[in-house]
Amino acid sequence: MSLESSSTRRSFLATTATAGAFGFASSVSAGAPVSNRTAIRPFRYEAPEAALADLRRRVAATRWPAAETVADDSQGVQLATTQALARYWAAEHDWRKCEARVNALPNFMTEIDGLDIHFIHARSRHQDALPVIITHGWPGSIIEQLKVIGPLTDPEAHGGTAADAFHVVIPSLPGYGFSAKPTKPGWNPVTIARAWATLMQRLGYTRFVAQGGDWGNAVSEVMALQEPPGLLGIHTNMAATVPPDVSKALDFKEGPPAGLTPEERGAWDQLDDFYRNGLGYANEMSLRPQTLYGIVDSPVGLAGWILDHDIRSLRMISRVFDGKTEGLTRDDVLDNITLYWLTNSAISSAQLYWDTAHNLPPGGFFDVRGVKLPVAVSAFPDEIYTPPRSWSERAYAKLIHYKRLDRGGHFAAWEQPAIFTEELRTAFRPLRTN
């Protein structure tokens with residue numbers, strides 16, 4: 001996810017501290033009184049069998065384009081990758097297994113600021129566990145975090161100690177997955193951050209931490225700027241640390257500023273490549289999300305759109321469908337895409353880009369925001385860019401943890417759950433006694 005381009009990246013935020021799908025089931029009907037809808041209501045989801053049959057039919061009936069005219073992925077998701085995905089999706093992928101995993105967790109719904117927000121709330125058996133709210137991004141979902149819930153809530157069963165335990169809250173962003181779709185503008189990182197603070201208060205947590213990557217980082221950093229009561233600090237796996245001179249040079253397609261260290265030059269090269277070659281999806285969703293009817297009508301169209309997020313993720317997923325063993329499996333990838341399909345979230349999720357670009361003050365997605373609360377940074381090598389320690393130390397006044405990892409990319413919790421879990425345990429230890 002990124003809003004970074006010469007035409008759109010100045011439209012995110014600089015100082016933001018002030019600024020229904022079918023098949024759903026819940027314990028409160030759509031017409032329930034407002035006083036009931038703001039309560040915490042149990043939630044589960046069962047996709048109608050007809051919806052799954054229709055999905056398979058649409059995948060099988062895909063009208064395929066001609067193959068790319070080059071031998072690499074410079075023109076986008078390659079035909080062979082997409083056809084391999086479609087074959088597996090139509091014949092072998094089993095959504096019911098994913099659905100059972102989700103429904104085995106404590107799922108809830110509550111109305112915040114007029115919108116139904118879905119969330120997983122997995123409490124540890126250790127009553128003094130540290131509450132954490134973890135926010136996904138685009139093109140992710142709650143599917144990204146399923147692998148880390150057990151290790152975080154039950155550390156003793158996963159190589160940790162009772163002192164490492166977390167109570168875990170994982171919301172679905174507005175317009176994503178099981179959360180309701182906004183019917184008017186206004187849902188962006190500023191309002192989402194406030195909603196998440198309301199959610200944690202509603203759950204009775206007076207002390208908590210926040211975590212996120214992609215949009216989840218934006219929401220977590222903005223929440224830290226807002227400093228709601230009880231927020232102790234944040235952890236990010238996609239930090240916003242880009243200095244102003246680097247940001248300006250990227251905006252105007254200039255060369256790198258003088259004096260960059262080798263580590264900083266590596267981050268520059270990653271960002272420069274992404275701004276030049278990887279922003280098609282972000283530009284379209286920032287400017288004209290409603291035009292994307294094709295990814296609502298075609299499952300394979302949706303899959304192609306989701307796969308083409310960043311080049312390192314795309315290449316990893318391409319290897320997965322070529323039979324290689326990677327951090328994600330074919331089922332992982334298709335569980336997430338199928339959730340988007342069944343909940344009809346393609347355009348409603350894209351509207352977050354438009355709402356952010358049109359309704360917040362200027363600022364780049366990776367620009368330093370001036371967070372004063374404690375911040376922990378996990379720098380993964382295959383992220384859109386790997387934030388250097390030097391930039392992180394300048395960006396965050398209270399940097400309590402920084403580690404450069406040797407593997408992992410944009411979907412850190414999903415790809416490398418053991419590494420991600422250990423990073424959260426280490427990062428937040430200093431805050432447990434505050």
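All values reported here derive from a predicted model rather than from experimental measurement. (Residues numbered from 1 in each chain as written. Predicted model: local features only at pLDDT ≥ 70, side-chain atom pairs only at ≥ 80, totals over all residues. Heavy atoms only, no water.)

1. Structural notes on the packing of helix α6 (residues 189-202) against helix α7 (residues 215-226)
Remark: α6 packs on α7, axes separated minimally by 8 Å, with the N-to-C direction vectors making an angle of 70 degrees. Judged by the angle between their axes, α6 and α7 are roughly perpendicular. Crossing handedness for the pair α6 and α7: right-handed. Packed against α6, whose contacting residues are Pro189, Val190, Ile192, Ala193, Arg194 and Trp196, the element α7 presents Trp215, Ala218, Val219, Val222, Met223 and Gln226 at the interface. Here the residues of the contact of α6 with α7 sort into 10 nonpolar, 1 polar and 1 charged. (Axes fitted to C-alpha atoms, helices over the stretch in contact; angles between N-to-C directions. Helix = DSSP H or I, 4+ residues; strand = E, 2+ residues; numbered from the N terminus. Parallel < 35°, antiparallel > 145°, perpendicular 65-115°, else oblique. Left-handed = near helix turned anticlockwise from the far one by under 90°. Contact = heavy atoms within 4.5 Å. Nonpolar A, V, L, I, M, F, W, Y, C, P; charged D, E, K, R; others polar.)

2. Some words on the environment of Glu383
Position of Glu383 relative to the elements: it lies in the loop between β9 (375-379) and α16 (389-395). In this structure, the C-alpha to C-alpha distance between Glu383 and Arg312, residues 71 residues apart in sequence, is 7.6 Å. Setting aside residues no more than four positions away along its own chain, Glu383 makes contact with Asn237, Met238, Gln270, Arg312, Gly408, Gly409 and His410.

3. Some remarks on α7
Over its 12 residues, α7 extends 16 Å from the first C-alpha to the last, a length consistent with the 16 Å expected when each residue adds 1.5 Å. Where burial is concerned, most of α7 is hidden: 12 out of the 12 residues are buried. Those residues of α7 not exposed but buried are Trp215, Gly216, Asn217, Ala218, Val219, Ser220, Glu221, Val222, Met223, Ala224, Leu225 and Gln226. Contact partners of the buried residues in α7: β5 (130-135), α6, β7 (208-212), β8 (231-236) and α15 (346-359). (Expected span 1.5 Å × (residues − 1). Buried < 20%, exposed > 50% of the residue type's maximum accessible area, 1.4 Å probe, protein only.)

4. Focus on the confidence of the model for the chain
A residue-level look at the chain finds 92% of positions with pLDDT of 70 or above and a mean pLDDT of 92. In this model residues 1-32 is a low-confidence stretch, pLDDT under 50, and it forms 123 contacts with partners more than four residues away in sequence or in other chains. (pLDDT = per-residue confidence, 0-100.)

5. Regarding the pairing of β9
Two faces make up the sheet, and in a regular strand the side chains alternate between them. Among the 5 residues in β9, 5 count as buried, and that is most of the element. Residue alternation in β9 divides its side chains into two sets, Val375, Val377 and Ala379 and Ala376 and Ser378, and both sets are buried. Sheet analysis places β8 next to β9, joined by 3 bridges and oriented parallel. Residue pairing for β9: His235 is matched across the bridge by Ala376. (Pairing = 2+ DSSP bridges.)

6. Notes on helix α5 (residues 146-153)
For an α-helix, the turn length of 3.6 residues means that residues three or four places apart are oriented alike. Of all 8 residues that make up α5, 6 are buried, and the element is covered over most of its length. Every buried residue of α5 is listed here: Leu146, Val148, Ile149, Pro151, Leu152 and Thr153. Taken together, the buried residues of α5 touch α4 (95-103), β4 (115-122), β5, β6 (166-171), α17 (412-415) and α18 (417-428).

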